[in-house]
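The lines below spell out each chain.
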Amino acid sequence: MGDQVRFTVFSNSRDQALAAVNAAGKRMDEVVSLDSEFARIAEAEPGARVRVSEEMIAVLRAGKRVSVLSDGAFDLTIGPASKLWKETAEVGTIPEGARLQDAMKRVGYQHLDIDPIFGYVRFHKGGMRLDGSGIVPGFASDEAMRVLKKTGHPRSLIETDHRVIAGEPPPNQKHWKVRLQDEAFTLANQALSLRDFRILARMGNREFSDVIDGRTGVASTNRHRVFVIGRQAVDTDPIAIALYVLGPEASPKFEKHFGVKAVFRDSTSEQASRSRDRRR
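Because the structure is a prediction, the values reported are computed rather than measured.

**Details of the overall build of the protein chain**
Part 1 of the argument: Tallying secondary structure elements over the protein chain gives nine helices and 13 strands in all.
Part 2 of the argument: Its C-alpha atoms give the protein chain a radius of gyration of 19 Å, near enough to 19 Å, the size a compact globule of 280 residues would have.
Part 3 of the argument: Seen through its C-alpha atoms, the protein chain measures out along the principal axes to roughly 60 × 45 × 35 Å.
Part 4 of the argument: Evaluated residue by residue, the protein chain yields a buried proportion of 52% over its 280 residues.
Part 5 of the argument: In the protein chain, the proportion of contacts linking residues at least 24 apart, taken out of those at least 6 apart, comes to 64%.
Part 6 of the argument: In the structure as shown, the protein chain presents an accessible area of about 13,400 Å², 45% of it carried by carbon and sulfur atoms.
Part 7 of the argument: For the protein chain, the centre of its 43 positive side-chain charges and the centre of its 37 negative side-chain charges are spaced 3 Å apart.

Written as structure tokens, this is what we have:
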């Protein structure tokens, strides 16, 4: 996942708490290994149905809901464009127009079919590629909290540099008091996700973030932080990405549809610099 994960667990037994945390961490690792399924889907022929795990179905359905509501600002199929941006960033440049246009011909959530009943997915175009970096880590954190609750530790907290998952509040408290990037929040059985400016590439005086607009294939140059609070990180993570691209004026639509709360803050150049080498 990239970020360091911190667990806070209330328990009657230290040994039981450690066992629960180990089980939760193992579950996170299992979910992150979905990368192998992403590769298998990409290798399939256009129109071919690919059998996938229940976890993959859950991730894709959640991601497609955000893709639809954002009109593609967040797009699960941005893989061809994100791969191109990463490749060019490694050599100190940005994608040429023709290459980016070619990559975007293979992007579009509309060309992804998900069959939750039989557990199949398929692409309708060749060369499509899923990018789970904006949603799989959040789903992994959700799953870790489910493990903690299942093992009898509902009063737990999972924190990373860009996400907090809160279970039931501590004894005699109404909520958890948490801080994320110096912002204070209160949470109870909720997820908090942050999308901020993390530099991916530079070209002259322009700096491009690692958030790529799924509608255009262009890396965003927005400089703000977006915090999203909701029921689960599999929703709040991609919503934060969509709102990072779309801006605060799009917040009401997501707040109404998903029941989330969005908070926007300006990003400083100092914060952007600190975030440069952070990757999820």
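Right, picking up where we left off after that structure.
**A word on the nonpolar core**
Part 1 of the argument: In this structure, Ile41, Leu130, Ile135, Val228, Ile239, Leu243 and Phe254 are the most contacted members of the largest nonpolar core, which totals 56 residues.
Part 2 of the argument: By residue number, the principal contributor to this core is helix α7 (residues 233-246), which donates ten residues.
Part 3 of the argument: Contacts of Phe254, omitting those with residues within four sequence positions, involve Val66, Leu69, Ser70, Ile239, Ala242, Leu243, Leu246, Gly259 and Val260.

**Points about the packing of helix α1 (residues 14-32) against helix α6 (residues 136-150)**
Part 1 of the argument: It is the contact of α1 with α6, at a shortest axis distance of 8 Å, that shows an interaxial angle of 150 degrees. Judged by the angle between their axes, α1 and α6 are roughly antiparallel. Between α1 and α6 lies a crossing whose hand is right-handed. Here Ala20, Val21, Ala23, Ala24, Arg27, Met28, Val31 and Val32 of α1 lie close against α6, whose contacting residues are Val136, Phe139, Ala140, Ser141, Glu143, Ala144, Val147 and Leu148.
Part 2 of the argument: In terms of residue class, the contact of α1 with α6 is built from 13 nonpolar, one polar and two charged.

**Focus on the side chain of Gln232**
Part 1 of the argument: Examined against the element boundaries, Gln232 turns out to sit in the loop between β12 (224-230) and α7.
Part 2 of the argument: By relative accessible area, Gln232 is classed as buried at 17%.
Part 3 of the argument: Looking at Gln232, its side chain comes within polar contact range of the side chain of Arg146, at 3.4 Å.
Part 4 of the argument: Ignoring sequence-local partners within four residues, the contact set of Gln232 consists of Asp142, Arg146 and Ala191.

**Comments concerning the sheet that holds strand β4 (residues 120-123)**
Part 1 of the argument: Ordered in space as β2-β4-β3, the three strands form an open sheet in which the pairing is antiparallel. Single-partner strands in this sheet number two, and they are β2 (50-51) and β3 (112-115).
Part 2 of the argument: Relative to β4, β3 is paired through four bridges, and the arrangement is antiparallel. Its bridge partner being in β4, Asp113 is matched across the sheet by Arg122.
Part 3 of the argument: Along the sheet, helix α3 (residues 54-69) makes contact with β3 and β4, crossing β3 at roughly 130 degrees.

**Notes on helix α8 (residues 251-258)**
Part 1 of the argument: When α8 is considered as a whole, its buried residues turn out to be Ser251, Phe254 and Phe258. The arc enclosing the buried residues of α8, seen along the axis, measures out at 70 degrees, which places them on a common side. Pointing more than 90 degrees away from the buried face of α8 are the exposed residues Pro252, Lys256 and His257.
Part 2 of the argument: Buried-residue contacts for α8 involve α3, α7 and β13 (261-266).

**Description of the packing of aromatic side chains**
Note on aromatic pairs: each is described by the distance of the centres and the angle between the planes.
Part 1 of the argument: Tallying each qualifying case throughout the model produces four aromatic pairs.
Part 2 of the argument: Ring centres of Phe185 and Phe227 lie 5.1 Å apart, and the angle between their planes is 45 degrees; on these two criteria the pair is classed as tilted. With a gap of 42 residues between them, Phe185 in strand β8 (residues 183-187) and Phe227 in strand β12 connect regions that are remote in the sequence. For the pair formed by Phe185 and Phe227, the shared burial category is buried.
Part 3 of the argument: Ring geometry for Phe254 versus Phe258: centroids 6.4 Å apart, planes at 10 degrees, classification stacked. Of this pair, Phe254 and Phe258 both sit in helix α8, four residues apart, which is roughly one turn of the helix. For the pair shown, Phe254 and Phe258 are each scored as buried.
Part 4 of the argument: In this structure, Arg51 packs its charged tip against the face of Tyr120, placed 5.4 Å from the ring centre.
Part 5 of the argument: Note that Arg223 overlies the ring of Phe197, its terminal NZ or CZ placed 4.1 Å from the centroid.

**Section: the pairing of strand β11 (residues 206-209)**
Part 1 of the argument: Judged from the four bridges that link them, strand β10 (residues 199-203) and β11 form a sheet pairing that is antiparallel. Paired with Met203 across the strands is Arg206, a residue of β11.

**A word on the sheet that holds strand β1 (residues 6-9)**
In any sheet, the strands associate via hydrogen bonds between backbone groups, in a parallel or an antiparallel arrangement.
Part 1 of the argument: Taking strand neighbours across the sheet as the criterion, the six strands line up as β1-β5-β6-β9-β12-β13 in an open arrangement whose pairing is antiparallel. Strands with a single pairing partner mark the edges of an open sheet, and in this sheet they are β1 and β13. Neighbour-to-neighbour, the strand axes of the sheet open up by a mean angle of 10 degrees, direction not taken into account.
Part 2 of the argument: Pairing geometry for β1 and strand β5 (residues 156-160), over four bridges, is antiparallel. Its bridge partner lying in β5, Phe7 is registered against Ile158.

Conventions we followed
- By convention here, each chain's residues receive numbers from 1 onward along its written sequence.
- Thresholds applied to this predicted model are a pLDDT of at least 70 for local features of residues and 80 or more for the giving and counting of side-chain atom pairs; totals over whole chains, interfaces and linings are not thresholded and use all residues.
- In computing side-chain values, all of the structure's heavy atoms are included and hydrogens and water are not.
- Working definition: helices are DSSP H or I runs of at least four residues, strands are E runs of at least two. Numbering for both runs from the N terminus.
- Computation of the radius of gyration draws on C-alpha atoms, with the globule rule given as 2.2 Å multiplied by the number of residues to the power 0.38.
- The rule is simple: take the accessible area with a 1.4 Å probe, protein chains only, and divide by the maximum for that residue type; under 20% is buried, over 50% is exposed, in between is partly exposed.
- In what follows, residue pairs with any heavy atoms lying within 4.5 Å of each other are defined as contacts.
- Areas reported here follow the Shrake-Rupley algorithm with a probe of radius 1.4 Å; residue values treat only the protein chains shown as occluding.
- His is not counted, nor are the chain ends; Lys and Arg add positive charge and Asp and Glu add negative charge.
- Throughout, a charge is located at the NZ atom of Lys, the CZ atom of Arg, the CG atom of Asp or the CD atom of Glu.
- Only buried residues count toward a nonpolar core, which is a set of Ala, Val, Leu, Ile, Met, Phe, Trp, Tyr and Cys residues joined through side-chain atoms within 4.5 Å.
- Think of each axis as a best-fit line through the C-alpha atoms, taken over the contacting stretch in the case of a helix, with angles from 0 to 180 degrees between the N-to-C directions.
- Each angle is binned into one of four classes, with values under 35 degrees roughly parallel, values over 145 roughly antiparallel, values of 65 to 115 roughly perpendicular, and all other values oblique.
- Should the near helix be turned anticlockwise from the far one by less than a right angle, the crossing is termed left-handed; should it be turned clockwise, right-handed.
- Three categories are distinguished: nonpolar for Ala, Val, Leu, Ile, Met, Phe, Trp, Tyr, Cys and Pro, charged for Asp, Glu, Lys and Arg, and polar for the others, with Gly belonging to the last.
- Think of a polar contact as two N or O atoms within 3.5 Å of one another; within protein, one of them needs to be a possible hydrogen donor and the other a possible acceptor, and neighboring residues in sequence only count if both atoms come from side chains.
- Paired strands, in this sense, are two strands between which DSSP finds at least two bridges.
- Comment: arc refers to directions from the helix axis out to C-beta atoms.
- Each aromatic pair joins two rings of Phe, Tyr and Trp (for Trp, the six-membered one) with centres within 6.5 Å, and gets the label stacked for planes under 30 degrees apart, edge-to-face for over 60, and tilted for any other angle.
- Only Lys NZ and Arg CZ are tested; either one counts as a charge over a ring when it is within 6 Å of the ring centre and within 35 degrees of the ring normal.

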